[in-house]
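These are the residues of each chain, in order.
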Amino acid sequence: MPKMVCPKCRHRQLAEQARYCENCGTPLTRGAAGLAYFQHAAAALRQPVAFARRAGQRQFTSGLITIFLFSLLVPLNIYTGFQRLVGFVDNPFAGMVLRPTLAFAVVNLLITAYCFAVVRYGKGAATYREIAARFGVYLVPFTALLLLALLVALLGFHALQSMLLLIGLLGAWFAVPAFVILTGSSAEGPAPGFPDQLQGTLLVYLALLLTLGLFGKMLFGPLGRLLSEGWSLFF
């Protein structure tokens, strides 16, 4: 029996009855499209760096799905984990979860845009859709951590949930831009001059902090005000 060939990347499959492309994850049979994202996520969990290097515009939609899931799971974790505390109980679900979900999605898309600007300035050939696809691939493991945090919260392990939430959120915002910039740079290396890959990553961090500082309360509503008040306890 002839081996199946992916209609998008033209990769010839090793398995005779493959349902997904072994190279890019494209569904090869009808009925498999509904499971395409889960195939994408599984590949990103197994080898995120290798998969991100191959990710292109075909993974753009899956990247957006991951960004939305990540953006939903962060406020949902905060709401379920801390609603027992004074100040969180009286805030409606829409103000504590739905509005922050949109805000986190906007912030993640802005981070993607910052990474794209750094990559293009460094003479990288990647498009915004490719950068967003790679951002989504690297975001999958952190999204899985947030999903795990939500599950352990339902079991009553709130301390563990807090640690997983912290790692998932801060780890994503600090690790993902660095890896996106590294994998998105030109094959000939970064362009000489300022900024190089490390400096570009630091610029993305600075842009993120400025974005949160200037628009955090407006974007995140009650959740942003409560988090800023809690953060002020450390200063």
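Residues numbered from 1 in each chain as written. Predicted model: local features only at pLDDT ≥ 70, side-chain atom pairs only at ≥ 80, totals over all residues. Heavy atoms only, no water.

Caption draft 1: Quick peek at helix α6 (residues 158–184). Taking 1.5 Å of rise per residue, 27 residues should cover 39 Å, and α6 covers 37 Å from first to last C-alpha, within 8% of that figure. The axis of α6 is deflected most strongly, by about 35 degrees, at A172. (Helix = DSSP H or I, 4+ residues; strand = E, 2+ residues; numbered from the N terminus. Expected span 1.5 Å × (residues − 1). Bend = angle between axes of the 7 residues up to and from the residue.)

Caption draft 2: Layout of the environment of L145. With respect to the element layout, L145 can be found in helix α5 (residues 128–154). Distance from L145 to Q161, taken between C-alpha atoms, is 9.4 Å for residues 16 residues apart in sequence. In contact with L145, not counting residues within four places along its chain, are L164, I167 and G168. (Contact = heavy atoms within 4.5 Å.)

Caption draft 3: Structural detail: the confidence of the model for the chain. Taken as a whole, the chain shows an average pLDDT of 79; of its residues, 72% reach a score of 70 or greater. Predicted confidence in the chain is weakest over helix α7 (residues 197–231), with a mean pLDDT of 76, and strongest over α5, with 94. Contacts of residues 230–235 to residues separated by more than four positions or lying in other chains number 0 contacts, the stretch itself having pLDDT below 50. (pLDDT = per-residue confidence, 0-100.)

Caption draft 4: Region of the structure containing a nonpolar patch on the surface. Side chains of L203, L206, L210, L214, F215 and M218 sit close together on the surface and give an oily, nonpolar patch of about 610 Å² of accessible area. For L203, the position within the fold is in helix α7. By relative accessible area, which is 36% here, L203 ends up partly exposed. (Patch = residues over 30% accessible without salt bridge, like charges linked within 9 Å, V, L, I, M, F, W, Y side chains within 5 Å. Areas by Shrake-Rupley, 256 points an atom, 1.4 Å probe, with all protein chains shown as cover. Salt bridge = Lys/Arg side-chain N within 4 Å of Asp/Glu carboxyl O. Buried < 20%, exposed > 50% of the residue type's maximum accessible area, 1.4 Å probe, protein only.)

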